[in-house]
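# Summary of the model geometry
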Amino acid sequence: MSSRLEQQSIIVTGAGRGIGASIARGLAAQGARLTIADIDARSAEAVARAIREQGGEAIAVQVDVSQRASVKAMVETTVAAFGRLDGMFNNAGIAQTRAFLSITEDDWHRVMDINALGVLIGMQEAARQMIAQGGGGKIVNTASIAGKQGYAPLAHYCASKFSVVALTQAGARALGEHQIKVNAICPGVVATDMWKLIDQGFRSEGMTTHENEAFDKFSADILLGRPSKAEDLVGVSCFLASADSDYMTGQSLVVDGGMVLV
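Basis of the calculations
- Residues numbered from 1 in each chain as written.
- Predicted model: local features only at pLDDT ≥ 70, side-chain atom pairs only at ≥ 80, totals over all residues.
- Heavy atoms only, no water.
- Axes fitted to C-alpha atoms, helices over the stretch in contact; angles between N-to-C directions.
- Helix = DSSP H or I, 4+ residues; strand = E, 2+ residues; numbered from the N terminus.
- Parallel < 35°, antiparallel > 145°, perpendicular 65-115°, else oblique.
- Left-handed = near helix turned anticlockwise from the far one by under 90°.
- Contact = heavy atoms within 4.5 Å.
- Nonpolar A, V, L, I, M, F, W, Y, C, P; charged D, E, K, R; others polar.
- Buried < 20%, exposed > 50% of the residue type's maximum accessible area, 1.4 Å probe, protein only.
- Lys, Arg positive; Asp, Glu negative; His and termini not counted.
- Salt bridge = Lys/Arg side-chain N within 4 Å of Asp/Glu carboxyl O.
- Polar contact = N/O pair within 3.5 Å; in protein donor to acceptor, adjacent residues only side chain to side chain.

### A word on the packing of helix α4 (residues 105-133) against helix α5 (residues 155-175)
- Between α4 and α5, the shortest axis-to-axis distance is 9 Å and the interhelical angle comes to 15 degrees. Comparing the axis directions of α4 and α5 gives the class roughly parallel. Judged by the twist between their axes, the crossing of α4 over α5 is right-handed. Between α4 and α5, the residues in contact are Asp107, Trp108, Val111, Met112, Asn115, Ala116, Val119, Leu120, Met123, Ala127 and Ile131 and His156, Tyr157, Ala159, Ser160, Lys161, Ser163, Val164, Leu167, Gly171 and Leu175, respectively.
- Along the lines of polarity and charge, the residues of the contact of α4 with α5 split into 14 nonpolar, five polar and two charged.

### Describing the side chain of Asp38
- Take Asp38: it is sitting in strand β2 (residues 33-38).
- Despite its burial, Asp38 pairs with no opposite charge; the closest candidate is Arg17, at 5.9 Å N-O.
- Non-local contacts of Asp38, meaning those with residues more than four positions away in its chain, are made with Gly14, Ala15, Gly16, Arg17, Ala44, Val61, Gln62 and Val63.

### Focus on the environment of Gln251
- Structurally, Gln251 is set in the loop between α8 (234-241) and β7 (252-255).
- For Gln251, a relative accessible area of 39% gives the class partly exposed.
- The sequence separation of Gln251 and Ser204 amounts to 47 residues, and the corresponding C-alpha distance is 36 Å.
- Only 3.2 Å separates the side chain of Gln251 from the backbone oxygen of Thr249, close enough to count as a polar contact.

Structure, rendered in structure tokens:
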């Protein structure tokens, strides 16, 4: 194991699978001590166990990021296990495909409560702990290329990810005096279970007719010639968690293979 993040205590939400699991494994390989947090306790424990089997340190915590009491308990459990909190990856999120005119209030609240409110709560509770213990910290939010451009069949999802970009900028301004750096990662089309659900939604809404059609269409213009894998987000995550990014805050880094140029 590398020592780049030696003994750093880091929470990753939504780490039971997909991007979150890959980020957590990458951070652990750099020496970090991980809290694998997910609404699915069994998935979280499986990832934590795999990290421990590779010689790393990891605990699993069940969390509902839209509920403040659950997030506070997650932070408290992390501090009890590792003594402090150095990094917080607000990665948990959901997606839903709906035709623009079909989005309901319930659809809106479900997506926004997890993707936007969940990030706000995670930032707040992590920052409170970091301020109390002193020494600054790193907060990294998972936004999306959907936080840079609006897509009609994903309008409420895009709104939630634009919110993540805004919260990242606002948090950077609010927390800079405490040496807490706040940045975001904007993935593109990533081959994960979430994109399977998005793709299925396109078919259910009658926008596509066969499996992977939406995925392939969205991926067609990526300059590097392929859709992303979850592992493509590991390098930038380790950078943002480490001292290498200490003079960087308020930024939302697009990591999409050249799909959206901003």
